[in-house]
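# Structural features, examined
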Amino acid sequence: MQGTAYKRKAFLVLAALTAITVTAAGFADLKDLKPGFNLFSSQQDIELGRQAAAEVAQKQPIVHNSQVKNYLTSLVQRLARSPHAGTEFPFSVQAISDNNINAFALPGGPLFIYTGLITLADNEAQLAGVLAHEMSHIRLRHGTSQASKANLFQLPLMLAGGLGEGLIGQLTQLGIGLGTGSVLLKMSRTAESQADYNGAQIMAEAGYNPIEMAQLFEKLEAKEGQAQSAQFLSDHPNPGNRIKAVQEEIQQMPRRSYTTDTRQFARIKDVVTHLPQPAQLRGQYNDGHAAPPAPNARPSKQSKQYQGRAFTFDYPDNWQTFGDPQSAMVTIAPSDGIVRDRNGKLSIGYGAIVSYYFPQSDEIQLRRDTDKLRTDTDDLVRQMQQANPEMRAGELRSLKVNDYSALVTTLNASSPFQGETEIDQLVTVLRPEGLWYLVFISPQSEYRDIRPVFDQMLRSVRFSK
Ligand SMILES: [Zn+2]
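Given the structure is predicted, the values throughout are model-derived calculations rather than measurements. (Residues numbered from 1 in each chain as written. Predicted model: local features only at pLDDT ≥ 70, side-chain atom pairs only at ≥ 80, totals over all residues. Heavy atoms only, no water.)

What follows deals with the environment of Leu 435. By the secondary structure assignment, Leu 435 is in strand S14 (residues 434-443). A relative accessible area of 0% places Leu 435 in the buried class. Separated by 80 residues in the primary sequence, Leu 435 and Ser 355 place their C-alpha atoms 8.4 Å from one another. Once residues within four sequence positions are removed from consideration, Leu 435 is found in contact with Ser 355, Tyr 356, Tyr 357, Leu 373, Asp 376, Thr 377, Leu 380, Thr 428, Val 429 and Leu 430. (Helix = DSSP H or I, 4+ residues; strand = E, 2+ residues; numbered from the N terminus. Buried < 20%, exposed > 50% of the residue type's maximum accessible area, 1.4 Å probe, protein only. Contact = heavy atoms within 4.5 Å.)

What follows is the structure, given as structure tokens:
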């Protein structure tokens, strides 16, 4: 008899528990986390992140492949529609070409994900999980919250000033840069569990199963001790029992059907796997990162006119001119066509340079103009080869530029872009001022697409009479 009573009681308890589970199956019991203590304003988070992101983009090999860029942006946009992503911060995302497994968020919106982490993910939901986790660090303002707690007495004064070098420069003076162990990037275990918790909510609201985020982190933990994953694990320390914590949270969420994978994810993973690898021979850039990959800086169809000294020509209007129009030379390039090398020296890997060359030889009047064009051009090519010993001259052809005889010399050189060789088209024309030249520069992979644009620029050249 007693046994039956006990069973009945147990049944009632079970029924009661079930009832509780049913009524709790909503967001009511889920916590809505809020940012903690912070000396910075949200606007300062945004400003700081903007400056820091520019610094990252300058030093790290950003992936410019438009398929990868568009895909990551669409994922972040989907996640950003979740109420738990908040509306305060403008999210953006860039991939960094690096086989290490890492990702980080800067205050105020910018996200960076290494290609090594994209290839580690088994499906789209796992990739979305990392992004949702990082977006949660941004929404919960973990970076500036930690900086606020660092007891930097100069901080309020510096932020009150807020001028001059910009926020990131001022913070760097206080030892809060973007380097290893920066309080902006190195999260506490509490921040980690909060980012998991809030990230799971973002995922669920965007239609991804939150468990995939925890599974990716477990997969990453399994690589503990390997250098590849060291940075991520040091910046995002395991708060413990990630899978269990997310499972418990999912219990409180309404049932939904989730997306796990898409064909697009598989395609992007393939693109990322086949991106050019960091070149071994070009050495390291100033912060230990390899040369950037070639930009996908397709010129726009619209053109603008460049009015130089004694010449004009049209160029794509999304390219920029560098140089004073009052001088006789100009560099025209897309903004990421110019690369800073390991010594901080700028070089152009994609774009055009226009200038004059003054030949050393004095046999000026002895030759007919066509011969002179040829010898001056040879002279210029030799000068260029002295500056760049790897440069090789190839095919030579003649054409007219604004009705003047011109020579086109094809040159091959090493490109400042990762794993690329460079094709240069050197166009030379004799002018009263000297040997006018225009060099079109392009990484080999972009050459075929850019060539019609170069030809069009060349047809637009006009010399003043
Ligand atoms: Zn984290």
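Here the narrative resumes.
Now for the pattern of salt bridges. For the structure shown, the criterion picks out 14 salt bridges. Across the salt bridge formed by Asp 32 and Arg 139, the nearest N and O atoms sit 3.5 Å from each other. Placement of the pair is Asp 32 in the loop between helix H1 (2-23) and helix H2 (42-59) and Arg 139 in helix H5 (residues 124-139), with a sequence separation of 107 residues. Across the pair Arg 50 and Glu 47 runs a salt bridge, and its minimum N-O distance is 2.7 Å. Here the residue Arg 50 and the residue Glu 47 both occupy positions in helix H2, the gap between them amounting to three residues, near one helical turn. Each of the salt bridges in this network shares a partner with another, and the network as a whole consists of Asp 32, Lys 34 and Arg 139. (Salt bridge = Lys/Arg side-chain N within 4 Å of Asp/Glu carboxyl O.)

Our next topic: the coordination of the zinc ion. At 1.9 to 2.7 Å from the zinc ion lie its protein donor atoms, namely His 133 (NE2), His 137 (NE2), Glu 192 (OE), Glu 192 (OE) and His 236 (ND1). Take His 133: its relative accessible area is 0%, and that puts it in the buried class. We classify His 137 as buried; its relative accessible area is 2%. (Donors = N, O, S within 2.8 Å, 3.2 Å for Na, K, Ca; no water.)

Overall, the coordinates contain 10 aromatic pairs when judged by the stated rule. Taking the centre distance of 6.4 Å and the plane angle of 35 degrees together, the rings of Tyr 306 and Phe 311 count as tilted. Tyr 306 gets classed as buried once you look at its relative accessible area, which sits at 5%. Relative to Phe 463, the ring of Tyr 404 lies with its centre 5.5 Å away and its plane at 90 degrees, an arrangement referred to as edge-to-face. Remark: Phe 463 occurs in strand S15 (residues 462-463) and Tyr 404 occurs in strand S12 (residues 404-414); sequence separation between them is 59 residues. Given the relative accessible area of 26%, Tyr 404 is considered partly exposed. Taken together, the ring pairs connect Tyr 306, Phe 311, Phe 313, Tyr 404, Trp 436 and Phe 463 into an aromatic cluster. Positioned above the aromatic ring of Phe 217, the side-chain terminus of Arg 242 is 4.2 Å from the ring centre. Here the guanidinium or amino end of Arg 431 rests over the ring plane of Tyr 404, the centre of that ring lying 4.9 Å away. (Phe/Tyr/Trp six-rings, centres within 6.5 Å; stacked < 30°, edge-to-face > 60°. Lys NZ or Arg CZ within 6 Å of the ring centre and 35° of its normal.)

Bringing the pairing of strand S4 (residues 303-307) into the picture now. Bridging between S4 and strand S5 (residues 311-316) involves five bridges; their strand directions are antiparallel. Its bridge partner being in S5, Gln 307 is matched across the sheet by Thr 312. (Pairing = 2+ DSSP bridges.)

Relative placement of two packed helices is described by the angle separating their axes and the distance separating the axes. Interaxial distance between helix H10 (residues 211-221) and helix H12 (residues 242-251) falls to 9 Å at its minimum, and their mutual angle equals 180 degrees. Regarding the angle of H10 to H12, the classification is roughly antiparallel. For the pair formed by H10 and H12, the contact residues are Ile 211, Met 213, Ala 214, Gln 215, Phe 217, Glu 218 and Glu 221 on the first element and Arg 242, Ile 243, Val 246, Gln 247 and Ile 250 on the second. Looking at the contact of H10 with H12 residue by residue, the class counts come to seven nonpolar, two polar and three charged. (Axes fitted to C-alpha atoms, helices over the stretch in contact; angles between N-to-C directions. Parallel < 35°, antiparallel > 145°, perpendicular 65-115°, else oblique. Nonpolar A, V, L, I, M, F, W, Y, C, P; charged D, E, K, R; others polar.)

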